[in-house]
There are 2 protein chains.
Amino acid sequence: MDNQLMSIGMVKELTGLSERQIRYYEERQLVFPARTKGGSRRYSYEDVRKIREINQKLKEGFNTFELKEKRGKKNLM
Amino acid sequence: MDNQLMSIGMVKELTGLSERQIRYYEERQLVFPARTKGGSRRYSYEDVRKIREINQKLKEGFNTFELKEKRGKKNLM
DNA sequence: CGTGTAAGGAATTCTGACACG
DNA sequence: CGTGTAAGGAATTCTGACACG
């Protein structure tokens, strides 16, 4: 994981989502950002892509549990 | 510049250099990181590459002024 | 000249919780 | 369930300066 370099602030800018939303997706085990020594999250572009997709699916009516299932079965994310 | 996303802390890790060195190369106009609203520097991979090259050249005996000239003439960096 | 460091401040991020629904 | 927010703390980064050489 040499490519997780964005702070949550960058992700916030790129996606337009709130820190709360971004952290929540992690809490629900949908994204797995790295951590610095200090404990801050570090995201990759791939994570940003996932986060966008998750938010999109949620808007479409799915819940985080379904998204997790879907990932397991179809390995799409 | 959508790809300047690393904090100086990340660059420090990737290059093994000190913040002082990294900032100094900017002061000497050898690298041009972006800035967040808050004022922190944001580096791209390209910047990291330049920083490594600069440090290498300095070890070889060049000074920052020469490095700036070289860049202008040969457009290598 | 290139780099170290202590100084004080400002911006960032973290966690756990209460809230709504 | 997904998200907002106020709370207090910890880690990060910033600038300007003094130091050495």
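Residues numbered from 1 in each chain as written. Chains lettered and ligands numbered in written order. Predicted model: local features only at pLDDT ≥ 70, side-chain atom pairs only at ≥ 80, totals over all residues. Heavy atoms only, no water.

- Per an unreviewed UniProt entry, chain A goes by MerR family transcriptional regulator and derives from Paenibacillus polygoni.

Topic: the interface of chain A and chain B
Working step 1: Taken together, the contacts link 12 residues of chain A with 12 residues of chain B.
Working step 2: Both sides together, the interface formed by chain A and chain B hides about 930 Å², and carbon and sulfur atoms give 50% of it.
Working step 3: Contact with chain B buries area across many residues of chain A, yet Leu5, Met10 and Tyr45 of chain A alone supply 48% of it, more than any other trio.
Working step 4: Applying the counting rule to chain A against chain B returns two salt bridges.
Working step 5: The closest approach of N and O atoms between Lys37 of chain A and Glu13 of chain B, which form a salt bridge, is 2.3 Å. (Contact = heavy atoms within 4.5 Å. Buried area = accessible area lost by both parts, 1.4 Å probe. Salt bridge = Lys/Arg side-chain N within 4 Å of Asp/Glu carboxyl O.)

Describing the relation of the copies chain A and chain B
Working step 1: Note on the copies: chain A fits chain B at an RMSD of 0.0 Å, the axial shift is 0.0 Å, and the rotation between them is 180 degrees. Each copy turns onto its partner about a two-fold axis. Of every C-alpha in chain A, the one belonging to Met6 of chain A sits nearest the axis of rotation, 3.1 Å from it.
Working step 2: A shared binding surface is used by both copies, with 100% of the interface residues of chain A retained as interface residues in chain B. (Least-squares fit on C-alpha atoms with pLDDT ≥ 70 in both.)

Structural notes on the pattern of salt bridges
All names here are of chain B.
Working step 1: Scanning the model with the defined rule gives 16 salt bridges over all chains in all.
Working step 2: A salt bridge links Arg35 to Glu26; the nearest nitrogen and oxygen atoms lie 3.5 Å apart.
Working step 3: When the shortest N-O distance is used, the salt bridge between Arg49 and Glu46 registers 3.0 Å. Of the two residues, Arg49 and Glu46 both sit in helix α3 (residues 45-59), three residues apart, roughly one turn of that helix.
Working step 4: Exposure remark for Arg49: the relative accessible area of 35% places this residue in the partly exposed category.
Working step 5: When its relative accessible area of 36% is taken as the criterion, Glu46 is described as partly exposed. (Helix = DSSP H or I, 4+ residues; strand = E, 2+ residues; numbered from the N terminus. Buried < 20%, exposed > 50% of the residue type's maximum accessible area, 1.4 Å probe, protein only.)

Concerning the protein's contact with DNA strand D
Working step 1: Close to DNA strand D lie 20 residues, the nearest being Ser18, Tyr24 and Thr64 of chain A together with Arg23 and Arg41 of chain B.
Working step 2: Sugar and phosphate atoms form 70% of the subset of DNA strand D atoms that lie within 4 Å of the protein.
Working step 3: Within the side chain of Tyr25 of chain A, a nitrogen or oxygen atom sits 3.3 Å from a phosphate oxygen of DNA strand D.
Working step 4: Here a phosphate oxygen of DNA strand D sits 2.6 Å away from a polar atom, N or O, in the main chain of Thr64 of chain A.
Working step 5: Of all the secondary structure elements, the ones that give two or more residues to the surface near DNA strand D are α2 (19-27) and α3 (45-59) of chain A together with α1 (8-15) and α2 (19-27) of chain B.
Working step 6: No other element matches the four residues that α2 of chain A contributes to the surface near DNA strand D. (Near = heavy atom within 4 Å. Polar contact = N/O pair within 3.5 Å; in protein donor to acceptor, adjacent residues only side chain to side chain.)

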